Amino acid sequence: MTEVLSLEPGATGSLADKAYYTLRDMIVSLELPPGAVLHEAKLMDQLGVGRTPIREAVRMLAQAKLVEVYPRRGVFVTSVDIGDLASLAEAREVLEGHAARLAAERATADDQRELAALIDECGRKGDLDRRGLIDLDRRIHQQVYRCTHNRFLEATLVEYYVLALRIWFVALDRVERLDEAVQEHRELLGAIRDKDGERAEQAMRRHVQSFEQAIRSVL
């Protein structure tokens, strides 16, 4: 299985949390494709956890709109509705733009060191394949969310990012702007490093808009 998101701590937390993050990554990366059936016994064996953690993980996946539970029929991975793309982009543009502004205002010295490392990594992106670039994108967004120091906002942003990333995987083979996205991130991270909230917000808004337009052009 390819590790894709890991937007929350993987080394700590309950067995249900770990099962949830693992299954969520499998769904987002299409390892568990739309319409796939989640068999409780199979998941228990595959993930090495008991029935209770699996059921709690399924409950969380249903709340995140990644599975649907039908009594007496089973648990199914939800379809990918491309029609949600515009609504997701609309919400993300506002929330992520605001998060970028807050990040520029609130980033600590430790945050700044992480930002500097990511900026440096963006400059070495030539060594990365498509999955590597997606992982870099994920880590950049994760760092911006953390720099807000607002756990409620961070949790909401992660939820929307996961849904958007799932659509991205559907179009992955046809999207040609991954390198451009990384360049946009350098501008964003530089603005946060410089504590320029206005520039950071506008850079993030442009990035979300560009993402939506790129996906729409191929779907």
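Our subject in this report is the structure included herewith. In this text, all values refer to a predicted model and were calculated from it rather than measured experimentally. (Residues numbered from 1 in each chain as written. Predicted model: local features only at pLDDT ≥ 70, side-chain atom pairs only at ≥ 80, totals over all residues. Heavy atoms only, no water.)

This model, assessed by the stated rule, comprises 18 salt bridges. In this structure, aspartate 25 and arginine 24 form a salt bridge, with 3.8 Å as the shortest nitrogen-oxygen distance. Exposure class is identical for aspartate 25 and arginine 24. Each is buried. Residue arginine 92 pairs with glutamate 96 through a salt bridge whose shortest N-O separation is 3.1 Å. You can see arginine 92 and its partner glutamate 96 sitting in helix H4 (residues 84-106), four residues apart, about one turn around the helix. Neither residue differs from the other here; arginine 92 and glutamate 96 are each classed as buried. When salt bridges that share partners are traced, they join Glu93, Arg101, Glu198, Glu201 and Arg205 into one network. (Salt bridge = Lys/Arg side-chain N within 4 Å of Asp/Glu carboxyl O. Buried < 20%, exposed > 50% of the residue type's maximum accessible area, 1.4 Å probe, protein only. Helix = DSSP H or I, 4+ residues; strand = E, 2+ residues; numbered from the N terminus.)

Further remarks concern the sheet that holds strand E1 (residues 37-38). The three strands are arranged E1-E3-E2 in an open sheet whose pairing can be described as antiparallel. If you trace the sheet from one side to the other, it starts and ends with E1 and strand E2 (67-70), each paired once. In the sheet, E2 pairs with strand E3 (residues 74-77) via four bridges, with the strands oriented antiparallel. Its bridge partner being in E3, glutamate 68 is matched across the sheet by phenylalanine 76. (Pairing = 2+ DSSP bridges.)

Further remarks concern the packing of aromatic side chains. With the rule as written, the count across this model stands at three aromatic pairs. Over the aromatic face of tyrosine 70 sits the side chain of arginine 73, whose NZ or CZ is 4.7 Å from the ring centroid. The ring of phenylalanine 211 carries the charged tip of arginine 92 above its face, separated from the ring centre by 5.6 Å. (Phe/Tyr/Trp six-rings, centres within 6.5 Å; stacked < 30°, edge-to-face > 60°. Lys NZ or Arg CZ within 6 Å of the ring centre and 35° of its normal.)

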